Amino acid sequence: MTVEVLDARLRSSGEALVKTAAPRGALGIGGWRAESIVHERALAGAPLLERPAPRPSVFYALSFVMVDAVGERWTARCSLERRAAENADLAAESDEDDDAIGLECGWVERGAAWRLRAAGSVRRGMIGELRRERDEAASMAVEVIAERRWLGQVDRPLPTPAAQLRRAGVAVAAMLLDAPERAWLARGEEAAAAAMTAMVALRLLPIRAGE
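Rules used in this analysis
As a convention, each chain's residues are numbered from 1 in the sequence order in which they are written. Per-residue local features of the predicted model are confined to residues with pLDDT of at least 70, and side-chain atom pairs are confined, for both listing and counting, to 80 or more; whole-chain, interface and lining totals are unaffected and use all residues. With hydrogens and water stripped out, all remaining heavy atoms of the structure feed into the side-chain values. Runs of H or I in DSSP of at least four residues are treated as helices and runs of E of at least two as strands, each being numbered from the N terminus. Buried residues are those whose accessible area, probed at 1.4 Å on protein chains only, stays under 20% of the maximum for their type, while exposed residues exceed 50% and partly exposed ones sit between those limits. Residue contacts are counted whenever heavy atoms from the two residues lie within 4.5 Å of one another. Only the protein chains shown count as cover for residues, and the accessible areas themselves come from Shrake-Rupley with a 1.4 Å probe. Only four residue types enter the charge count, namely Lys and Arg as positive and Asp and Glu as negative; His and the chain termini do not. In this description, the location of a charge corresponds to atom NZ of lysine, CZ of arginine, CG of aspartate or CD of glutamate. Cysteine sulfur pairs qualify as disulfides if the two atoms are within 2.5 Å. If DSSP finds at least two bridges between two strands, the strands pair. Among buried residues, those of type Ala, Val, Leu, Ile, Met, Phe, Trp, Tyr and Cys that are joined through side-chain atoms within 4.5 Å constitute a nonpolar core. Values of pLDDT, which run from 0 to 100, indicate the predictor's confidence residue by residue. Given the number of residues in a helix, its expected span is that number minus one, multiplied by 1.5 Å. Counted as salt bridges are all cases of a side-chain nitrogen of Lys or Arg within 4 Å of a carboxyl oxygen of Asp or Glu.

> Mind showing me how you'd approach the overall build of the protein chain here?
When you go through the protein chain residue by residue, the secondary structure sums to three helices and 12 strands. By its C-alpha atoms, the protein chain is 50 × 40 × 35 Å across when sized along the principal axes. The proportion of buried residues among the 211 residues of the protein chain is 46%. Restricting to contacts in the protein chain with at least 6 residues of sequence separation, those with at least 24 account for 50%. Here the protein chain has roughly 11200 Å² of accessible surface; of this, 49% comes from carbon and sulfur atoms. Taking the average location of the 29 positive side-chain charges in the protein chain and that of its 31 negative ones, the two points are 3 Å from each other.

> Even after reading the chapter, I still don't get the state of the cysteines, so can you show me in this structure?
Each disulfide is one covalent bond, formed between the sulfur atoms of two cysteines. For the structure on display, the rule yields one disulfide. A sulfur-sulfur distance of 2.1 Å marks the disulfide that ties Cys-78 to Cys-105. Its torsion about the S-S bond being 115 degrees, the disulfide of Cys-78 and Cys-105 is classed as right-handed. You can see Cys-78 sitting in strand β5 (residues 73-83) and its partner Cys-105 sitting in strand β6 (residues 100-109), a full 27 residues away along the chain.

> Whenever I open this one, unusual backbone geometry confuses me. Can you help?
Most peptide bonds take the trans form, and the phi angle of most residues other than glycine is negative. Backbone torsion omega between Ala-179 and Pro-180 reads -5 degrees, so that peptide bond is classified as cis. Of note, Ser-36 is a non-glycine position whose phi angle comes to about 50 degrees, a positive value. As for its placement among the helices and strands, Ser-36 is situated in strand β3 (residues 32-42).

> Would you explain the pairing of strand β7 (residues 112-121) in this entry?
The side chains of a regular strand alternate between both faces of the sheet. Across 10 bridges, the pairing between β6 and β7 is antiparallel. When the bridges of β7 are listed, Glu-109 appears paired with Ala-112. With eight bridges connecting them, β7 and strand β8 (residues 125-132) associate as antiparallel partners. Looking across to β8, one finds that Arg-115 is bridged to Arg-131. Where β7 folds back onto β8 in an antiparallel hairpin, the turn is made up of three residues.

> Quick question: what am I supposed to make of the nonpolar core here?
Buried together is how nonpolar side chains tend to be arranged in soluble globular proteins. Within the largest apolar cluster, 51 residues are counted, with the highest numbers of intra-cluster contacts made by Leu-103, Trp-107, Leu-130 and Ile-207. Sequence-distant contacts of Ile-207, defined by excluding residues within four places in its chain, comprise Leu-80, Arg-82, Ile-101, Leu-103, Val-122, Met-126, Val-144, Leu-177 and Leu-202. With 10 residues, the next largest nonpolar core counts Val-3, Ile-145, Leu-158 and Ala-162 among its residues.

> I would appreciate a short explanation of the confidence of the model for the protein chain in the present structure.
Any residue range with low pLDDT should be treated as having predicted coordinates unsuitable for detailed reading. For the protein chain, mean pLDDT is 90; residues scoring 70 or higher make up 91% of the total. Element-level mean pLDDT values for the protein chain span from 44 in helix α2 (residues 88-93) up to 98 in strand β12 (residues 182-185). Across residues 88-95, where pLDDT falls below 50, the model places two contacts with residues more than four positions away in sequence or in other chains.

> I tried to follow helix α3 (residues 192-204) on my own but got confused; where do I start?
Because an α-helix packs 3.6 residues into every turn, residues spaced three or four apart end up facing the same way. The end-to-end C-alpha distance of α3 is 18 Å, a good match for the 18 Å that 13 residues give at a rise of 1.5 Å each. For α3, the buried fraction is high: 13 of the 13 residues fall into the buried class.

> What is the right way to read the environment of Val-108 from this model?
Of note, Val-108 is situated in strand β6. A sequence separation of 86 residues divides Val-108 from Ala-194, and the C-alpha atoms of the two residues are 9.3 Å apart. Once residues within four sequence positions are removed from consideration, Val-108 is found in contact with Trp-74 and Ala-113.

> Sorry if this is basic, but what is going on with the pattern of salt bridges here?
Pairing between side chains of opposite charge can happen when their charged atoms approach one another. On inspection of all chains with the given rule, the structure shows 21 salt bridges. A salt bridge links Asp-98 to Arg-124; the shortest N-O distance between them is 3.0 Å. Here the residue Asp-98 occupies a position in the loop between α2 and β6, and Arg-124 occupies one in the loop between β7 and β8, the gap between them amounting to 26 residues. Between Arg-131 and Glu-136 there is a salt bridge, with its nearest N and O atoms 2.4 Å apart.

> Please explain the environment of Val-65 as it appears in this structure.
One can find Val-65 in strand β4 (residues 57-67). Here Val-65 falls in the buried class, since its relative accessible area comes to 13%. Taking C-alpha positions, Val-65 is 9.5 Å from Ala-26, a pair spaced 39 residues apart along the chain. Discounting residues that sit within four places of it in the chain, Val-65 has contacts with Arg-33, Ala-34, Glu-35, Ser-36, Arg-73, Trp-74 and Thr-75.

This is the structure we're talking about:
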């Protein structure tokens, strides 16, 4: 069901990647691997969400080493703020997790500095940007798709959220953000390593319901 909301041209003409064997505690997909994954959780941290609100937030830190098919490595570091829904009791009763989320990640890959920023909510999804330092043309719009509109009227949560990246309106990468992971990359995409790092970060961060 989630696959159907992703760009059809990317799925049909792009390179399809599937989950691969990886050492315990690592994540392999296609020729890429995330290892040395470290998660930390705290009740205080630097705010990442706009418009401060009197609702409790939990802060997370994530770091991992990304390894490409030829063994080149780089380390990504992420921070995330997850703020309780405006009416947390109602959200719990309706089984609709709507925590607000803001995140930021950074890494230096093959000499290029990249930064990922995104914000939104668990139920509605997220929007943001993946930007390479001093290179506006390489920037990509990032979306996390968590729900789908049925019959043009009703929004329903997807069983698995997905990330999709676009440059100048054209989809260049996408990934299912739950097991078993699947991804698609536009053929010849020069920033494939950055796209994969960003999508793996979204997969590893607690941005899904119930996490």
